[in-house]
Amino acid sequence: MRLSSLLFLVCFFTVAMSQCAAAAKARHFRWEVSNMFWSPDCEEKVVIGINGQFPGPTIRAKAGDTIVVHLKNGLHTEGVVIHWHGIRQIGTPWADGTASISQCAINPEETFTYRFVVDKPGTYFYHGHYGMQRAAGLYGSLIVDVADGDEEPFKYDGEINLLLSDWYHESIYTQMVGLSSNPFRWIGEPQSLLINGRGQFNCSLAAAHTPGAKQCAAAGAAGNRHCAPVILPVLPNKTYRLRVASTTSLASLNLAVGNHKLTVVEADGNYVEPFAVDDIDIYSGDSYSVLLTTDQDTSANYWVSVGVRGRQPRTAPALAVLNYRPNRASRLPAAAPPATPAWDDFARSKAFTYRILGRAGVTPPPPATSDRRIELLNTQNRMGGGHVKWSINNVSMVLPATPYLGSLKMGLRSALPSAARPSDTFRRGYDVTRPPANPNTTVGDNVYVLAHSATVDVVLQNANALARNVSEVHPWHLHGHDFWVLGYGDGAFRGDAGDAAALNLRNPPLRNTAVIFPYGWTAIRFVADNPGVWAFHCHIEPHLHMGMGVIFAEAVDRVSELPKAAVSCGATATALMAGAGGHV
């Protein structure tokens, strides 16, 4: 018998079981979410923080550990939830942290306990999933290391954590009112980009290389620690793992480090076949690990530059300093920062994305065939004479007062916004290169009921928006699962032999977020083996707010007893008081 098998049996069938339990720990946190004044880019605004911090505290755990977060809502006038982005919540769908989907919003002054297992190592993050609270600063990093005794399939000497975001000076409440108004008011481009919650507005750390720019103070405006430049200390001739995650509200980003190559080794908590690049594109909801070797001139420091991709940039790049010790951290790099590639060079973006493949011998292959294919057409539409919405197969998603998980578990179909079954496809022949011939849309719940353990293909089809010659980048995130990205295509998905030939069934990467390029399509495959109710949506905050998402309901009857605190609102609260819902 193999030693590992013997140890496994010993753990479960002898008094040594306590030693196994000791290997996986329960890590407890007490957090309070509250509004506070902060100056992320040296302009003081109100942010949503946790325990007086922005970004929120970093959670660090090991694979197999249980995370327990006692979350108090210190916001005075609104609810709150937190989504643990990339954590699959196997067996704990109520802990996914999606308001109106997996749980009720936590009311002011109330406390809700999130308890879940982080089952695999990787680079993750967490963020608010109620209204547009992520755009107000409710986010932080979640890092899961390998379990004791396990090893990563690559070596490194140290780590650097980079949490990327964009920042608006206009409040999320003004933004939401504008998005829901007639006439429509778009939120515009962010005022700044942030690295670990810090950025620069109306000035540049590299003003000498930016015509007309004002030089930022080396320690932030008047020594403001909130917006002091991010310094990343490193030692020469070492290899560092850069953990990079993007929680942007809108912006697609590009990250580069002056004079240094980056080797991509992880994407969304899954190992990928390593490949070297000069820079990486990172969309909202993505996370990566890249290896960087400090093999450059040791007498110099180097720029870390983050710029906008996919949209015409009206926001200056964010800059940090890679500080080769023992050089002074205040010694700014003499060379110009790396130039962000042209925002609309989508051929370059595709070339990077297509290189991300599953790691040989590590990434499991996808099932050879699927049981169901769902085709989702992403369009921009109008409703009620002028309200602008994003729609899926001509239905704009709305969320109910009663969480889907509770209403479906208890059989309260009347609690759903719509009884209509959403379509599995869209009209063949739809011209994705032009504005919709009929721009009108309707609203619905967009709940797709999936058979337990079915293999499901989803084709995400991008199209022209309401304005001519406009098709946007959409990063789509699936809760509760990883999926295989089978392939990408340009133009309309036809489902014919040509499209089938573009699919990769040999070594596709496992991800939880996938990008759809303008006027193109992306095909993914996953196994519906995690009972629960899961959101699948565009991770751009205003797009989700405007209806760009669907819901996957999987074997809800197999979900174990729901915590009352997760579902005691709306129709489920009434049912609980009436004594119904014996499973709750």
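Source: prediction; values computed, not measured.

*Asks:* When you look at the domain arrangement of the protein chain in this model, what are you seeing that I'm missing?
*Replies:* When the parts of a complex come together, some accessible area is lost, and that lost area is often used as the size of the interface. Taken as a whole, the protein chain is organised into domain 1 (26-145), domain 2 (158-354) and domain 3 (372-571). For domain 1 and domain 2, the distance between their C-alpha centres works out to 23 Å. Of the roughly 2,900 Å² buried between domain 1 and domain 2 on both sides combined, carbon and sulfur atoms contribute 57%. Per-residue buried area on domain 1 facing domain 2 is highest for Asp41, Thr123 and Met132; these three make up 23% of the total on that side. Seen at the junction of domain 1 and domain 2, the total is 2 salt bridges. The residue Asp145 makes a salt bridge to Arg243 at a minimum N-O spacing of 3.6 Å. Linking domain 1 with domain 2 are 19 residue pairs in polar contact (both at pLDDT 80 or more). Mapped onto the side of domain 1 that touches domain 2, the elements with two or more residues apiece are strand E1 (26-38), strand E2 (45-50), strand E7 (122-128) and strand E8 (139-145). For the side of domain 1 that touches domain 2, the element with the most residues is E8, which contributes 6 residues.

*Asks:* What exactly am I supposed to notice about the sheet that holds strand E12 (residues 239-246) here?
*Replies:* Either a parallel or an antiparallel arrangement is found when strands of a sheet pair, and the pairing is made through backbone hydrogen bonds. Read from one edge to the other, the open sheet built from 6 strands follows the order E10-E9-E12-E17-E14-E15, with strand pairing classed as mixed. Two strands bound the open sheet, and with one partner strand each, they are strand E10 (192-195) and strand E15 (270-277). On average, each strand axis in the sheet is inclined to that of its neighbour by 25°, with strand direction left out of account. Pairing analysis gives 7 bridges linking E12 to strand E17 (residues 287-293), with the strands arranged antiparallel. Across the sheet, residue Tyr240 finds its bridge partner in E17, namely Leu292.

*Asks:* Would you mind showing me how to read the layout of surface pockets here?
*Replies:* There is about 540 Å³ of room inside the largest pocket. Sorting the residues of the lining of the largest pocket by element identifies strand E22 (395-397), strand E31 (532-538), helix H7 (541-545) and strand E32 (549-554) as the ones contributing at least two each. In terms of residue class, the lining of the largest pocket is made up of 16 nonpolar, 9 polar and 2 charged. Residues lining the lining of the largest pocket come from more than one domain, with at least three contributed by each of domain 1 (26-145) and domain 3 (372-571).

*Asks:* Honestly, helix H3 (residues 172-179) in this entry has me stumped. Any pointers?
*Replies:* Since the α-helix advances by 3.6 residues per turn, residues separated by three or four positions end up pointing in the same direction. Taken together, the buried positions of H3 are occupied by Ile172, Gln175, Met176, Gly178 and Leu179. For H3, the arc enclosing every buried residue in end-on projection is 160°, short of the 170-degree limit, so these residues lie on one face. Buried residues along H3 sit in contact with strand E21 (387-392) and H7.

*Asks:* Even after reading the chapter, I still don't get empty space enclosed by the protein, so can you show me in this structure?
*Replies:* Unoccupied space between atoms shows up once a probe the size of one water molecule is rolled over them. Using the criterion set out here, one finds 4 cavities of 30 Å³ or more in the structure. Roughly 70 Å³ of volume is contained in the largest cavity. The set of elements that each furnish at least two residues to the lining of the largest cavity consists of strand E27 (483-490) and strand E29 (513-516). Element by element, the count of residues in the lining of the largest cavity is highest for E29, at 3 residues. Residue composition of the lining of the largest cavity, grouped by class: 7 nonpolar, 2 polar and 2 charged. When residues are assigned to domains, the lining of the largest cavity turns out to be shared by domain 2 (158-354) and domain 3 (372-571), each giving three or more.

*Asks:* It is not clear to me how the state of the cysteines should be interpreted in this structure. Could you clarify?
*Replies:* Here a disulfide denotes one covalent bond, and it connects the sulfur atoms of two cysteines. The full count for this structure, using the stated rule, is 3 disulfides. What pairs with Cys42 in a disulfide is Cys227, and their sulfur atoms sit 1.9 Å apart. Here the disulfide of Cys42 and Cys227 is right-handed, its torsion about the S-S bond being about 95°. Separated by 185 residues along the polypeptide, Cys42 in the loop between E1 and E2 and Cys227 in the loop between E10 and strand E11 (231-234) bring together distant segments of the chain. Its relative accessible area of 27% is what places Cys42 among the partly exposed residues. Overall, Cys227 belongs to the buried group, its relative accessible area being 2%. Shown here is the disulfide that connects Cys203 with Cys216, its sulfur atoms set 2.0 Å apart. On the S-S bond that ties Cys203 to Cys216, the torsion sits near 95°, and the link is right-handed. Here Cys203 is found in the loop between E10 and E11, whereas its partner Cys216 is found in the loop between E10 and E11, with 13 residues between them in sequence.

*Asks:* I tried to follow the nonpolar core on my own but got confused; where do I start?
*Replies:* Most often, soluble globular proteins have nonpolar side chains that are buried together. Judged by nonpolar contacts, the single largest core of 87 residues is most densely connected at Trp84, Tyr114, Leu376, Phe536 and Phe552. When near neighbours in sequence (up to four residues on either side) are disregarded, Phe552 contacts Ile374, Tyr448, Leu450, Val458, Leu478, Phe526, Gly532, Val533, Trp534 and Phe536. Counting residues in hydrophobic clusters, the runner-up holds 36 residues, among them Leu193, Val257, Ala267 and Ile356.

The rules behind the values
Residues numbered from 1 in each chain as written. Predicted model: local features only at pLDDT ≥ 70, side-chain atom pairs only at ≥ 80, totals over all residues. Heavy atoms only, no water. Domains from an automatic or database assignment. Buried area = accessible area lost by both parts, 1.4 Å probe. Salt bridge = Lys/Arg side-chain N within 4 Å of Asp/Glu carboxyl O. Polar contact = N/O pair within 3.5 Å; in protein donor to acceptor, adjacent residues only side chain to side chain. Helix = DSSP H or I, 4+ residues; strand = E, 2+ residues; numbered from the N terminus. Pairing = 2+ DSSP bridges. Axes fitted to C-alpha atoms, helices over the stretch in contact; angles between N-to-C directions. 1 Å grid on protein atoms, 1.4 Å probe; cavity = no way out; pocket = protein on both sides within 12 Å on 5 of 7 lines; lining within 4 Å. Points joined across faces, edges and corners; volume = space filled by probe spheres on them. Nonpolar A, V, L, I, M, F, W, Y, C, P; charged D, E, K, R; others polar. Buried < 20%, exposed > 50% of the residue type's maximum accessible area, 1.4 Å probe, protein only. Arc of directions from axis to C-beta. Contact = heavy atoms within 4.5 Å. Disulfide = S-S within 2.5 Å. Core = buried A, V, L, I, M, F, W, Y, C linked by side-chain atoms within 4.5 Å.

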